[in-house]
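Remarks on the overall topology
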Amino acid sequence: MAMLWKFMRVAKYSKPALPPKVKGRGIPTHARHSSSKSVPSDLAASTPCSNTVELLGKVYLQDDYSNVTEKILSKVGKNLHNKKHHPLWLIKEQVKDHFYKQYLGRRGTPLFSVYDGLSPVVTVQQNFDSLLIPQNHVSRRKEDNYYLNRDHMLRAHTSAHQWDLIHSGLDAFLAVGDVYRRDTIDNTHYPVFHQMEGVRLFSCHELFSSIKDGEGLKLFEQGHRTAHKQECHTMEAVRLVEFNLKQVLTKLMTHIFGDGLQVRWVDCYFPFTHPSFEMEINFQGEWMEVLGCGVMEQQLVNSAGAEDKIGWAFGLGLERLAMILYDIPDIRLFWSEDERFLKQFIVPHIWQKIKFQPLSRYPPLINDISFWLPSETYSQNDFYDLARTIGGDLIEKVVLVDEFTHPK
């Protein structure tokens, strides 16, 4: 059998730039809304016996799909987005403050409710099936996700909560939380990051009430799917929903990054929205993608019990916005416990301008590693997980330099 030889280059930061080890913290699975907080727990994750894993107070039986490492389990329950004065908390609070003040219900209360304490452990059905992601879709692969077993996993996106929140009767909400994906090692990728999900549903009256002579307009029809609409939506409804979505997100980004912000929209594909878009902003002369969004697939909305409504959804990464806004060069810094990092974000109000000041002057240390592998069982993400487990956040970047397959 031919053997594959790999030559990997590992770059490490020197210790002065790194956080000390800290104990894990856990959250109650019932914590909800914007007032939820992390609760100290030394038992966020443990292994009562070799074939089970205990996480957030529940025990999960492991099987051939289980691939969550101890390093990743140690991150569960940290809830950086709820840690006051953390840069991710600042971004979350800025978005929340904007939505609370900009969009009010009929009684003058905030239209959007916020859920930032939902458990990161979800079912495969929640993470994929409820979002209409096909069984053979590449996003389901073990190589890209952290599975507790065949039925449970660490959520790969906050979209995993869309169906449940709509099914509970909500029409407008923001869901914030930590998400988990197996990924490469560099300054912009980390296996744990934080997302915010936004959803808004409209009834026929809500969508058309401000339109002159809009009484006869309808949300639904029996038509054909095109690049611009779903088969069940009228073109009038889709245009209004799309306009509202882009207007809401443009106002949000302008509020965060300042007036005069240039925005452009790029057509894309998501299994749970159509049409779908990526939003790019021009910040300091460079175009950057900041979020994905679209008109929600009506099949998803219908299955959640809102058959008479149409809606939009968006998802954005808190780290992405914080790195751009605060000029933070490395995603690992968000996990730092170094006071030199954290004290930079202790500010009197959430909208104060901040520019991150680098922590260490020490150059990186480069190590070269070579090893043999059986090609049919190897995934590069397996090596990345191994490197993170052993080296932790010391490791800044891993690069494949060369590979060789033995002819025998």
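Basis of the calculations
- Residues numbered from 1 in each chain as written.
- Predicted model: local features only at pLDDT ≥ 70, side-chain atom pairs only at ≥ 80, totals over all residues.
- Heavy atoms only, no water.
- UniProt positions renumbered as here; feature names shortened; annotations may be inferred.
- Helix = DSSP H or I, 4+ residues; strand = E, 2+ residues; numbered from the N terminus.
- Contact = heavy atoms within 4.5 Å.
- Areas by Shrake-Rupley, 256 points an atom, 1.4 Å probe, with all protein chains shown as cover.
- Buried < 20%, exposed > 50% of the residue type's maximum accessible area, 1.4 Å probe, protein only.
- Pairing = 2+ DSSP bridges.
- Axes fitted to C-alpha atoms, helices over the stretch in contact; angles between N-to-C directions.
- Parallel < 35°, antiparallel > 145°, perpendicular 65-115°, else oblique.
- Nonpolar A, V, L, I, M, F, W, Y, C, P; charged D, E, K, R; others polar.
- Phe/Tyr/Trp six-rings, centres within 6.5 Å; stacked < 30°, edge-to-face > 60°.
- Lys NZ or Arg CZ within 6 Å of the ring centre and 35° of its normal.
- Expected span 1.5 Å × (residues − 1).
- Core = buried A, V, L, I, M, F, W, Y, C linked by side-chain atoms within 4.5 Å.
- Salt bridge = Lys/Arg side-chain N within 4 Å of Asp/Glu carboxyl O.

- As recorded by an unreviewed UniProt entry, the protein carries the name phenylalanine--tRNA ligase and is attributed to Oreotrochilus melanogaster.
- Quoted verbatim from the Catalytic activity (unreviewed entry) field of the UniProt record, the comment on the protein reads "tRNA(Phe) + L-phenylalanine + ATP = L-phenylalanyl-tRNA(Phe) + AMP + diphosphate + H(+)".
- Per UniProt, the protein carries the Subcellular location (unreviewed entry) text "Mitochondrion matrix".

1. Quick notes on the overall build of the protein
- Secondary structure assignment for the protein yields ten helices and 15 strands.
- Taking all contacts inside the protein whose residues are at least 6 apart in sequence as the whole, residues at least 24 apart take part in 68%.
- Of the roughly 20,000 Å² that the protein leaves accessible, carbon and sulfur atoms contribute 52%.

2. Examining unusual backbone geometry
- Cis geometry marks the peptide bond from His274 to Pro275; its omega dihedral reads -5°.
- Tracing the backbone through its elements, the reader meets Pro275 in strand β11 (residues 273-283).
- One non-glycine residue with positive phi stands out, namely Leu56, at about 50°.
- Among the secondary structure elements, Leu56 is positioned in the loop between β3 (52-55) and β4 (58-61).
- Classification of Leu56 as buried rests on a relative accessible area of 11%.
- Even without being a glycine, Gln284 presents a positive backbone phi close to 55°.
- Its place among the elements puts Gln284 in the loop between β11 and β12 (286-296).
- Classification of Gln284 as exposed rests on a relative accessible area of 74%.

3. A look at the pairing of strand β13 (residues 310-317)
- Most of β13 is tucked away: seven of the eight residues are buried.
- Pairing of β12 with β13, which is carried by five bridges, proceeds in the antiparallel orientation. Residue pairing for β13: Gly292 is matched across the bridge by Gly315.

4. Structural notes on the packing of helix α6 (residues 235-257) against helix α8 (residues 318-326)
- It is at 11 Å that the axes of α6 and α8 come closest, and there the two elements cross at 40°. Between α6 and α8, the angle falls in the class oblique. Residues Met253, Ile256 and Phe257 of α6 form the contact with α8, whose own contacting residues are Leu321, Ile324 and Leu325.
- Here the contact of α6 with α8 is built from residues that sort into six nonpolar, no polar and no charged.

5. Points about the packing of aromatic side chains
- The full count for this structure, using the stated rule, is 13 aromatic pairs.
- Consider the rings of Tyr103 and Phe112, whose centres lie 5.9 Å apart with planes at 65°: the pair is edge-to-face. As far as burial versus exposure is concerned, Tyr103 and Phe112 are alike and both buried.
- Linked through ring pairs, Phe99, Tyr103, Phe112, Trp312 and Phe314 together constitute an aromatic cluster.
- The ring centre of Trp287 lies 4.2 Å from the NZ or CZ of Arg264, which sits over that ring.
- Lying over the aromatic face of Tyr190, Arg388 brings its terminal NZ or CZ to 5.6 Å of the ring centre.

6. Comments concerning helix α10 (residues 380-391)
- Helix length check: α10, at twelve residues, gives a terminal C-alpha distance of 16 Å against a target of 16 Å (1.5 Å per residue), a fit within 8%.
- Three or more residues of α10 are buried, namely Asn381, Phe383, Tyr384, Asp385, Ala387, Arg388 and Gly391.
- Downstream of α10 by one or two residues, Gly392 has phi in the positive range, about 60°.

7. Points about the pairing of β12
- For β12, a buried count of eight out of eleven residues is recorded, marking the element as mostly surrounded by other parts of the structure.
- Both β11 and β12 contribute to a ladder of nine bridges, which runs antiparallel. Residue pairing in the sheet places Phe277 in a bridge with Cys293 of β12.

8. A few points about the sheet that holds strand β5 (residues 113-115)
- Across the sheet, seven strands lie side by side as β5-β8-β9-β13-β12-β11-β10; this open sheet has mixed pairing. Taken across any chain shown, the strands that pair with only one partner, and hence form the sheet edges, are β5 and β10 (262-270). Strand-to-strand twist across the sheet, computed as the mean angle between neighbouring axes with direction ignored, equals 25°.
- One ladder, built from three bridges, connects β5 with strand β8 (residues 172-180); its direction is parallel.

9. Looking at the nonpolar core
- Grouped together as the largest cluster of nonpolar side chains are 77 residues, with contacts concentrated most on Met253 and Phe257.
- Excluding anything up to four places from it in sequence, Phe257 contacts Ile281, Phe283, Leu321, Ile324 and Leu325.
- Core analysis: the next-biggest nonpolar cluster, separate from the first, contains 24 residues, Tyr115, Ile133, Phe173 and Val301 among them.

10. Quick word on the pattern of salt bridges
- Here the structure, examined in full by the defined rule, presents 20 salt bridges.
- Across the pair Glu280 and Arg264 runs a salt bridge, and its minimum N-O distance is 2.5 Å. Note that Glu280 is positioned in strand β11 and Arg264 in strand β10, a separation of 16 residues in sequence.
- Residue class for Glu280 comes out buried when judged on its relative accessible area of 14%.
- Here the salt bridges share partners, and the residues they tie into one network are Lys92, Glu93, Lys96 and Asp116.

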